[in-house]
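Here is what each chain is made of, one letter per residue.
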Amino acid sequence: MRPAVHWPTMTWTRVRASVIVLLVVSFAAVLVLSPGGPGVTGGIDDVAATTSALIATCAAGWRASRLQHRARLSWALLTAAFAAAALGQGAWGWYEIVLSREVPYPSFADAAYLCFPVLALAGLLLRPSSALVGQGRTRSVLDGLLLAGSMFNLSWVTALGATYDAGGDSSLAFVISLAYPVTDLVLVTVTVVVLAQAQARRVLVVLAAGLLMLCVADSAYSYLTTLGTFQSGNLTDVGYVLGYLLLAEAALRDRTVDAATPRPVSVPSMLLPYLPAVGGVGIAVWQLRTGLSNPAVLVGSGLVVVLFIRQLLTLLDNHRLVGEVIAGQAALSFLAFHDPLTSLANRALFKDRLEHAVALRARNLQPLAVLLADLDDFKDINDTLGHQAGDEVLREVAERLLRTTRAGDTVARLGGDEFAVLVQDGGDAWRVAQRILQALDEPIELNGKQVPMSASIGVAAVDTRDPALTAVELLKRADLAMYAAKRRGKASVARYELGSADALANELDLRTDLVAAVADGTLDVHYQPILAATGELVGFEALCRWTRRGERVAPAVFLPVAEQAGLLSALDHHVLTTALAFAATFGEDLLLNVNIGVDQLVDPALPARIRSALETHRLAPGQLVIEIPENRLLPDRRAAASTVAGLRADGVRLALDDFGAGWSSLARLQELAPDIIKIDRCFVAPLTAADAPTDIVAGIIELAHQLGASVVAEGIEHPQQLETLRRLGCDAVQGFLLGRPMPASQAAQLVGQQSSRAPRSLQPSR
Ligand code: C2E
Ligand code: MG
Ligand code: MG
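This report concerns the structure included in the present document.

Conventions adopted
- Residues numbered from 1 in each chain as written.
- Chains lettered and ligands numbered in written order.
- Predicted model: local features only at pLDDT ≥ 70, side-chain atom pairs only at ≥ 80, totals over all residues.
- Heavy atoms only, no water.
- Donors = N, O, S within 2.8 Å, 3.2 Å for Na, K, Ca; no water.
- Helix = DSSP H or I, 4+ residues; strand = E, 2+ residues; numbered from the N terminus.
- Buried < 20%, exposed > 50% of the residue type's maximum accessible area, 1.4 Å probe, protein only.
- Pairing = 2+ DSSP bridges.
- Core = buried A, V, L, I, M, F, W, Y, C linked by side-chain atoms within 4.5 Å.
- Near = heavy atom within 4 Å.
- Polar contact = N/O pair within 3.5 Å; in protein donor to acceptor, adjacent residues only side chain to side chain.
- Areas by Shrake-Rupley, 256 points an atom, 1.4 Å probe, with all protein chains shown as cover.
- Nonpolar A, V, L, I, M, F, W, Y, C, P; charged D, E, K, R; others polar.
- Contact = heavy atoms within 4.5 Å.
- Axes fitted to C-alpha atoms, helices over the stretch in contact; angles between N-to-C directions.
- Parallel < 35°, antiparallel > 145°, perpendicular 65-115°, else oblique.
- Expected span 1.5 Å × (residues − 1).
- Patch = residues over 30% accessible without salt bridge, like charges linked within 9 Å, V, L, I, M, F, W, Y side chains within 5 Å.
- Salt bridge = Lys/Arg side-chain N within 4 Å of Asp/Glu carboxyl O.

## Some remarks on the coordination of the magnesium ion (ligand 3)
For step 1, the next point in the chain: The protein atoms donating to the magnesium ion (ligand 3) are Asp657 (OD), Asp658 (OD), Glu714 (OE) and Glu714 (OE), with metal-donor distances spanning 2.0 to 2.6 Å.
For step 2, the next point in the chain: Sequence spacing of the donors to the magnesium ion (ligand 3): D-D-x55-E.
For step 3, the next point in the chain: Between the magnesium ion (ligand 3) and the magnesium ion (ligand 2) the interatomic distance comes to 3.8 Å, and Asp657 is a ligand of both metals. Highlighted residues: Asp657 in strand E13 (residues 653–659) and Glu714 in the loop between strand E15 (710–713) and helix H26 (719–728), separated in sequence by 57 residues.
For step 4, the next point in the chain: Of the residues examined, Asp657 reaches a relative accessible area of 7% and is grouped as buried.
For step 5, the next point in the chain: For Glu714, a relative accessible area of 10% translates into the label buried.

Now the structure itself:
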């Protein structure tokens, strides 16, 4: 619905226009009909001109009082200009009506009149217009002068020539009679130049029309004066009244200030000020043909034409360049606020829109929700199929998100595989989330392969019970809900509930606390014994432990958080150095197994880091076993191969952890050629019965031995499992039955017992 306030504004504009037309027509009728003779008509003319100039002055003064900064100064100068004109008109009337004598020439009225164009020009040039930014102001004056020159040419062959030929009573009178048309010309041409290049034109058009009317009236006055036929009450004086009334109208209308954002000026409007130049030259040439002009005028005109063409070419060039700069600016501003890969809004734009929406909601109480979607296992897609395929998936996901949301909703890629949707105007965020899940349910086709895709989505809506909620807080809540969804499993949605705030806040704190724990080195390391099939202790696996606010947090909970927060590398290094310090105390016979994340395996600095840690603790590289998880894909096979080669060259051993539970086991086996293969718990678990099938485990052991690797079975909890594995030729075993992960002190005790005894048989250690 249109705001009602528009109606009165429209009406007032029309009313004013009608009043102007009525006044001007009545005034013209009075001048034509001349009731009461020339004396009375002249008096009416003087009063009308003075009154209309005063109206313009009042309107401009009122406008100046309502504006600020440069706009105010501009209108203040225009007020002064109009006041000068009113003073001139008043003085003229004073002579004619009060003193009943002819106005002397030159007189005080002329001085006042001539102040008008100077002040008006200054006022015009001070307008806060995008056309007058930087060099634009000087350029406008120069354009004005150039055009005034052409117009002068034009005037010369029409009116000015006659003035000049007629000469004057005195040189001052002569200069003044020339000053009128010249100053008017400069003023009008500058107005036209500003008008042609400005963007908020309506007011300027009225302003220019008013000035043009005054200029025409002035020229007529000058011309008639030189002919000696001017008299107050001449019909040409309608130009003054109309001119002043139009200036008043411009003042009343000028509410908008020209926008400062650049926009290319159209070619026709750019060329508009040059039309008078062409006209002037044309007339000069025509007059030469008819013998009224002389060759000097022709040469001058020729020069103007050349200059004009030169200027035209520069203008067209500039126009093209400005177009390019503006297009470049638009592209840059797009890049600053959009994600280059998907063209969705980026984090900066999303944050801005969110802040705006939250601020707006405080006023209109409209529902508002944020939806955060994190793709499940996107990293694995990137790792197996390559970054290009990853990019393709992100683009496709972006498109599906756009398809499932409404046109007004902001869809953004916040980074990596994290997307966000801002749901406004009463949209149901929960349903949007469901639709997104559905849209992602269909596999994405990549080079003929069907790649499954899903996302974990967190939804946080502004609650009426939460009036002071900020954008940051809302985003945080969506983030917490998203983590909750992740924990529920793939392709799920979780909503942030005010009631469950504690649990979710706890989740957020978890990350913060983990960052602090890694930074402060307060994470613990426990050691789980690894025993040979024959029963003696062969080493320990170092496992990270975190006690947070008195409670133990499982690695399955904090390790993904560490990975998400980019902390895993630092965490692993802390565990490595702590474990090496421990291993340095138990002699050279035992092995130390340390886990690392896959990301570290592609870090070319890893071998050097491990070498230096080994040197610090004076440990032989052969004592260290690096466990590489098998259930995650390698991000970059070539880089991983070179890191592995570096580690191996140093004499460090490699174990492939959780073998059989993850991806591409055989390919991985070939690539990494591990020294040790650790059979995943899931293969050991069924071996509790004496008659359980053993084919797979037997096959793995056989294969490992074929490849020259030794085998460790993980997760032994039952004597039967131990028995079977020993029978199948497994080299070493690890599990709760043989020893739980324990603190360093306990592990040291175990080492002490071990060395004081003969090799133990594989006895359960409950
Ligand atoms: P993993 O490397 O396979 O470590 C063995 C896991 O199995 C340990 O779990 C251990 O406590 C558990 N375990 C050992 N014997 C048995 C058993 O008989 N039954 C059962 N049910 N579980 C047993 P934990 O300590 O929770 O660690 C889980 C995983 O977290 C580890 O699996 C390892 O992949 C990772 N992890 C632990 N510490 C670190 C670390 O410092 N850095 C990295 N990158 N990963 C680590
Ligand atoms: Mg391990
Ligand atoms: Mg394992």
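## Focus on the pairing of strand E8 (residues 524–532)
For step 1, the next point in the chain: Burial analysis of E8 places 8 of its 9 residues in the buried class, which makes it a mostly covered element.
For step 2, the next point in the chain: Following E8, the chain reverses through 4 residues before pairing antiparallel with strand E9 (residues 537–548); Gly535 in that reversal takes a positive phi of roughly 115 degrees.
For step 3, the next point in the chain: Inspection of the sheet shows E8 paired to strand E16 (residues 732–733) by 2 bridges, in the antiparallel sense. In the sheet register, Ala532 faces E16, and the bridge partner there is Ala732.

## Quick notes on the coordination of the magnesium ion (ligand 2)
For step 1, the next point in the chain: Distances from the magnesium ion (ligand 2) to its protein donors, Glu541 (OE), Asn595 (OD1), Glu627 (OE) and Asp657 (OD), fall within 2.0 to 2.2 Å.
For step 2, the next point in the chain: We note that the donor set of the magnesium ion (ligand 2) lies within a single chain, spaced as E-x53-N-x31-E-x29-D.

## Focus: the nonpolar core
For step 1, the next point in the chain: Among the nonpolar cores identified, the biggest contains 75 residues, and Phe540 and Leu624 are the most heavily contacted of them.
For step 2, the next point in the chain: The element contributing the most residues to this core is helix H19 (residues 568–583), with 8 residues.
For step 3, the next point in the chain: Counting residues in hydrophobic clusters, the runner-up holds 49 residues, among them Trp75, Leu78, Val186 and Leu247.

## Examining the site of ligand 1
For step 1, the next point in the chain: Lining the immediate surroundings of ligand 1 are 23 residues, of which Arg545, Asp572, Asp657, Glu717 and Phe736 lie closest.
For step 2, the next point in the chain: Contact between ligand 1 and Gln528: a nitrogen atom at 2.9 Å from a side-chain N or O atom of the residue.
For step 3, the next point in the chain: Here Glu717 contributes a side-chain N or O atom positioned 2.5 Å from a nitrogen atom of ligand 1.
For step 4, the next point in the chain: Within the complex, 82% of the 780 Å² of free accessible area of ligand 1 lies under protein.
For step 5, the next point in the chain: Going through the elements one at a time, E9, helix H18 (555–564), H19 and E13 are the ones with two or more residues in the shell around ligand 1.
For step 6, the next point in the chain: In terms of residue count, E9 provides more of the shell around ligand 1 than any other element does, 4 residues in total.
For step 7, the next point in the chain: Considered class by class, the residues forming the shell around ligand 1 number 9 nonpolar, 5 polar and 9 charged.

## Focus on the side chain of Thr724
For step 1, the next point in the chain: Considering the arrangement of structural elements, one finds Thr724 in helix H26.
For step 2, the next point in the chain: Filtering out sequence-adjacent residues up to four positions away, Thr724 remains in contact with Leu687 and Thr694.

## Concerning the packing of helix H13 (residues 378–385) against helix H14 (residues 387–404)
For step 1, the next point in the chain: Put simply, H13 and H14 touch, their axes get as near as 6 Å, and they point 140 degrees apart. Of the possible angle classes, the one that applies to H13 and H14 is oblique. Note on element contacts: H14 touches H13 through His387, Ala389, Gly390, Val393 and Leu394, opposite Phe378, Ile381, Asn382 and Leu385.
For step 2, the next point in the chain: Classifying every residue of the contact of H13 with H14 gives 6 nonpolar, 3 polar and no charged.

## Notes on helix H16 (residues 471–488)
For step 1, the next point in the chain: Taking 1.5 Å as the rise per residue, H16 with 18 residues should run 26 Å; its terminal C-alpha atoms sit 26 Å apart, in good agreement.
For step 2, the next point in the chain: When H16 is considered as a whole, its buried residues turn out to be Ala471, Leu474, Leu475, Arg477, Ala478, Asp479, Leu480, Ala481, Met482, Tyr483, Ala484 and Ala485.
For step 3, the next point in the chain: Of the residues trailing H16, Gly489 is marked for its positive phi of about 120 degrees.

## Looking at a nonpolar patch on the surface
For step 1, the next point in the chain: Taken together, the side chains of Val47, Trp94, Ile97, Val98 and Leu99 make up a nonpolar region of the molecular surface, amounting to roughly 470 Å² of accessible area.
For step 2, the next point in the chain: Inspection of the secondary structure assignment puts Leu99 in the loop between helix H3 (69–98) and helix H4 (108–125).
For step 3, the next point in the chain: The class for Leu99 is partly exposed, based on a relative accessible area of 38%.

## With respect to the sheet that holds strand E3 (residues 418–423)
In any sheet, the strands associate via hydrogen bonds between backbone groups, in a parallel or an antiparallel arrangement.
For step 1, the next point in the chain: Reading across the sheet, the 5 strands line up as E2-E3-E1-E6-E7 and stay open at both edges, with mixed pairing between neighbours. The sheet is open, and its two edges are formed by strand E2 (410–415) and strand E7 (493–495), each paired on a single side. Going across the sheet, the axis of each strand differs from the next one's by a mean of 20 degrees, ignoring polarity.
For step 2, the next point in the chain: Direction of pairing for strand E1 (residues 369–375) relative to E3: antiparallel, over a ladder of 6 bridges. The residue of E3 that forms the bridge with Leu372 is Ala420.
For step 3, the next point in the chain: Along the sheet face, helix H12 (residues 347–364) touches E1, E2 and E3 and points at about 25 degrees away from the line of E3.

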